[in-house]
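# Commentary on secondary and tertiary structure
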Amino acid sequence: MKLKSKLVLNVGGMFSGKSTELQRQGERHELRGHSVLYVKPSMDNRYSENEIVTHNGNKVHAVSVDTQKPDELLFITRIMQTQVICIDEIQFFDLNMIEAIDGLLKLGKRIYCSGLDLDFEGKPFEITALLMAKSDEVNKLHAVCDNCGHDAWVTPRKTGEKEQVKLGEKENYYPLCRTCFYEEQYQGFWGFEKE
Ligand SMILES: [Zn+2]
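First, a word on scope: everything that follows refers to the structure included in this document. Numbering of residues begins from 1 in every chain and follows the order in which that chain's sequence is written. Per-residue local features are limited, in this predicted model, to residues with pLDDT of at least 70; the limit for side-chain atom pairs, both in listing and counting, is 80 or more; totals at the level of whole chains, interfaces and linings are taken over all residues. Just so you know, side-chain values use all the structure's heavy atoms and leave hydrogens and water out.

### Digging into the coordination of the zinc ion
Note that water is not among the atoms used; donors are N, O and S atoms within 2.8 Å of the metal (3.2 Å for Na, K and Ca), so sites may look incomplete. Here the zinc ion is held by Cys145 (SG), Cys148 (SG), Cys177 (SG) and Cys180 (SG), and the distances to it run 2.3 to 2.4 Å. A site with four donors is called tetrahedral when every donor-metal-donor angle falls between 85 and 135 degrees; four donors are called square planar, and six octahedral, when opposite donors sit more than 155 degrees apart and all other angles fall between 65 and 115; any other arrangement is irregular. Relative to the metal, the 4 donor atoms surrounding the zinc ion lie at angles of 101 to 117°, and the coordination shape comes out tetrahedral. Within one chain, the residues donating to the zinc ion are spaced in sequence as C-x2-C-x28-C-x2-C. Exposure class is identical for Cys177 and Cys180. Each is buried. Each residue is assigned to one of three classes by its accessible area relative to the maximum for its type, calculated with a 1.4 Å probe on protein chains only: buried under 20%, partly exposed between the two thresholds, exposed over 50%.

What follows is the structure in structure tokens.
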């Protein structure tokens, strides 16, 4: 079966299974005999330089691309022979990544991206928002709210640091639904206490 170019986005908060979904999508293409290339940002070395590792420990080999020079993607030696490209942690890349992705789509590639839609304050990551608008399909994934067990919407920080990009894990971030997030954020403002 010949592949048609298509852009699919998996977005959501941390711990929502975005990397797991990306691997599942890649594996389904491998089962069909398609060539798959996994890509990750080079600044993301939490677990491994050359692998994408999900929270449950599954890993696949991945090529690292500099977050500031995303057009490196177009110069990966085997990119032209690759039919399917799976990009993880898309929110970390410079906006030029959008042009690189457009170029690959014009060459007929199938592209899957996983990434955070919102930062720790509930503000959209620009690159994710723009790619969501351009994509053929968007999968919104949800972790479970730490507080009430409903679908999580955002992943606030446990500490007070303010920069938008900060790597972290369970010790730094926690998933919250919209209601619990608003209650936490505006508790002082509205003057109500959580029950
Ligand atoms: Zn909640």
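The rest of the description comes next.
### Things to note about the packing of helix H2 (residues 97-106) against helix H3 (residues 126-134)
The axes are straight lines fitted to the C-alpha atoms, using for helices just the contacting stretch, and the angles between their N-to-C directions are given from 0 to 180°. In this text, helices come from DSSP runs of H or I with a minimum length of four residues, and strands from runs of E with a minimum of two, each type numbered from the N-terminal end. Running from N to C, H2 and H3 point in directions that differ by 25°, and their axes come no closer than 10 Å. Relative to H3, the element H2 is oriented roughly parallel. In this structure, the crossing between H2 and H3 has a hand that is right-handed. Where H2 approaches H3, its residues Met97, Ile98, Ile101 and Asp102 are matched on the opposing element by Ile127, Leu130, Leu131 and Lys134. Gly counts as polar in this scheme, as do all residues outside two lists: the nonpolar Ala, Val, Leu, Ile, Met, Phe, Trp, Tyr, Cys and Pro, and the charged Asp, Glu, Lys and Arg. Each residue belonging to the contact of H2 with H3 can be placed in one class, and the counts come to 6 nonpolar, no polar and 2 charged. Should an angle fall under 35 degrees it is called roughly parallel, over 145 degrees roughly antiparallel, and 65 to 115 degrees roughly perpendicular, with every other angle called oblique. Handedness of a crossing is defined here by the sense of rotation of the near helix relative to the far one, left-handed for an anticlockwise turn of less than a right angle and right-handed for a clockwise turn. The criterion used for residue contact is that any of the two residues' heavy atoms lie within 4.5 Å.

### Some remarks on the packing of aromatic side chains
Pairing of aromatic rings covers Phe, Tyr and the six-membered ring of Trp, with a centre-to-centre limit of 6.5 Å; geometry is then stacked below 30 degrees between planes, edge-to-face above 60, and tilted otherwise. For the structure shown, the criterion picks out 3 aromatic pairs. Seen in terms of ring centroids, Trp153 and Tyr182 are 6.1 Å apart; in terms of plane orientation they differ by 65°. Their pairing is edge-to-face. Taken together, the positions of Trp153 in the loop between strand E8 (137-141) and helix H4 (178-191) and Tyr182 in helix H4 put the pair 29 residues apart, joining distant regions of the chain. According to the relative accessible area criterion, Tyr182 is partly exposed, its value standing at 34%. An aromatic cluster is defined as three or more aromatic residues linked by ring pairs; in this entry it consists of Trp153, Phe181 and Tyr182. Put simply, a charge is over a ring when the Lys NZ or the Arg CZ is close to the ring centre, within 6 Å, and near the line of the ring normal, within 35 degrees. The ring centre of Phe120 lies 3.9 Å from the NZ or CZ of Arg157, which sits over that ring.

### As for the environment of Leu22
Positionally, Leu22 belongs in helix H1 (residues 18-31). Taking relative accessible area as the criterion, Leu22 reaches 1% and is therefore assigned buried. Not counting the four nearest positions on each side in its chain, Leu22 is found in contact with Asn10, Tyr38, Cys86, Ile87, Asp88, Tyr112, Cys113 and Ser114.

### A closer look at the pattern of salt bridges
Counted as salt bridges are all cases of a side-chain nitrogen of Lys or Arg within 4 Å of a carboxyl oxygen of Asp or Glu. Inspection of every chain in the model, using the stated rule, returns 6 salt bridges. A salt bridge links Lys69 to Asp66, with the nearest nitrogen and oxygen atoms 3.8 Å apart. Taking the relative accessible area as the measure of exposure, Lys69 reaches 46% and is therefore partly exposed. A salt bridge links Asp102 to Lys134; its shortest N-O distance comes to 2.9 Å. Placement of the pair is Asp102 in helix H2 and Lys134 in helix H3, with a sequence separation of 32 residues.

### Considerations on the nonpolar core
Buried Ala, Val, Leu, Ile, Met, Phe, Trp, Tyr and Cys residues form a nonpolar core when they are joined through side-chain atoms within 4.5 Å. Counting residues in hydrophobic clusters, the biggest one holds 24 residues, and the most contacted among them are Leu73, Ile87, Ile90, Met97, Ile101 and Ile111. Looking at which element gives the most residues to this core, the answer is H2, with 6 residues. What Met97 contacts, discounting residues up to four positions off in sequence, is Pro70, Leu73, Ile87, Ile90 and Ile127. Grouped together as the second largest cluster of nonpolar side chains are 11 residues, Leu22, Val36, Val84 and Cys86 included.

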